[in-house]
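Structural characterization, general
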Amino acid sequence: MNHSSRHPPIVETAPSAADGAQEAPLPAALVLHWPDEAATAAFAARLAAQPTVVDAFITLHGDLGAGKTTLVRHLLRALGVQGRIKSPTYAVVEPHAVDGCVPPLSIWHFDFYRFDDPREWEDAGFRDIFASGGLKLAEWPEKAGALLPPADLAVTITAQADEGRAVRIAAHTPRGRALLENLR
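Summary of the structure given here.

Scanning the protein for helices and strands turns up six helices and seven strands. Along the protein, helices and strands appear, N-terminal first, in the series α-β-α-β-α-β-β-α-α-β-β-β-α. The 184 residues of the protein split such that 39% are buried. Long-range pairs, those at least 24 residues apart, make up 65% of the contacts in the protein with a sequence separation of at least 6.

Across the seven residues that make up strand E4 (residues 105–111), a large majority, five, are buried. Sheet analysis places strand E3 (residues 93–98) next to E4, joined by six bridges and oriented antiparallel. Residue Glu 94 lies in a different strand from E4, and its bridge partner there is His 109. Summarising the sheet, E4 and strand E5 (residues 135–139) pair through five bridges and their orientation is parallel. Looking at E5, one finds that Trp 108 is bridged to Lys 136.

Positioned with a positive phi, Trp 140 is a non-glycine residue whose angle comes to about 55°. Positionally, Trp 140 belongs in the loop between E5 and strand E6 (153–159). According to the relative accessible area criterion, Trp 140 is buried, its value standing at 14%. In this structure, Glu 163 takes a positive phi of about 75° despite not being glycine. For Glu 163, the position within the fold is in the loop between E6 and strand E7 (165–171). A relative accessible area of 62% places Glu 163 in the exposed class.

Reading the values: rules and limits
- Residues numbered from 1 in each chain as written.
- Predicted model: local features only at pLDDT ≥ 70, side-chain atom pairs only at ≥ 80, totals over all residues.
- Heavy atoms only, no water.
- Helix = DSSP H or I, 4+ residues; strand = E, 2+ residues; numbered from the N terminus.
- Buried < 20%, exposed > 50% of the residue type's maximum accessible area, 1.4 Å probe, protein only.
- Contact = heavy atoms within 4.5 Å.
- Pairing = 2+ DSSP bridges.

Okay, here's the thing in structure tokens:
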């Protein structure tokens, strides 16, 4: 028995192809069709059931009226948020908390639609919120420019002629890939 077989490495390395390991590629995106609001609510419940969503950053993309805020409302209800859930269009951010969790779950719903300059994000002090734990949901993230951290998931919602929604969910981080894999 040599020294390395008695003492496992401090930093674990992933097996390589040279070691005979076969890694299945993780999906980068998921494409869905939500025919109605009930399908949106069902997806939100599936997302809320994922344990790592409580510290995720999710961006929401789509035209006005596409269903971004509707998805957020269903997600917040599925996570246990009580009371009125309003759009943060004018306030820019609406904080929510779920006290039934240990520790309590902090949720921040942002809407950057009214931003004229990405520096408004910095001026508003949002860097501290993004540095803390909790779920962050951002509508119109492109208005905050490159100041936002990479989104775990980017959800793009497009209204269809049949009143349904075409939805594309892309993962941009390891947490996002895990969430996406569990949503398949």
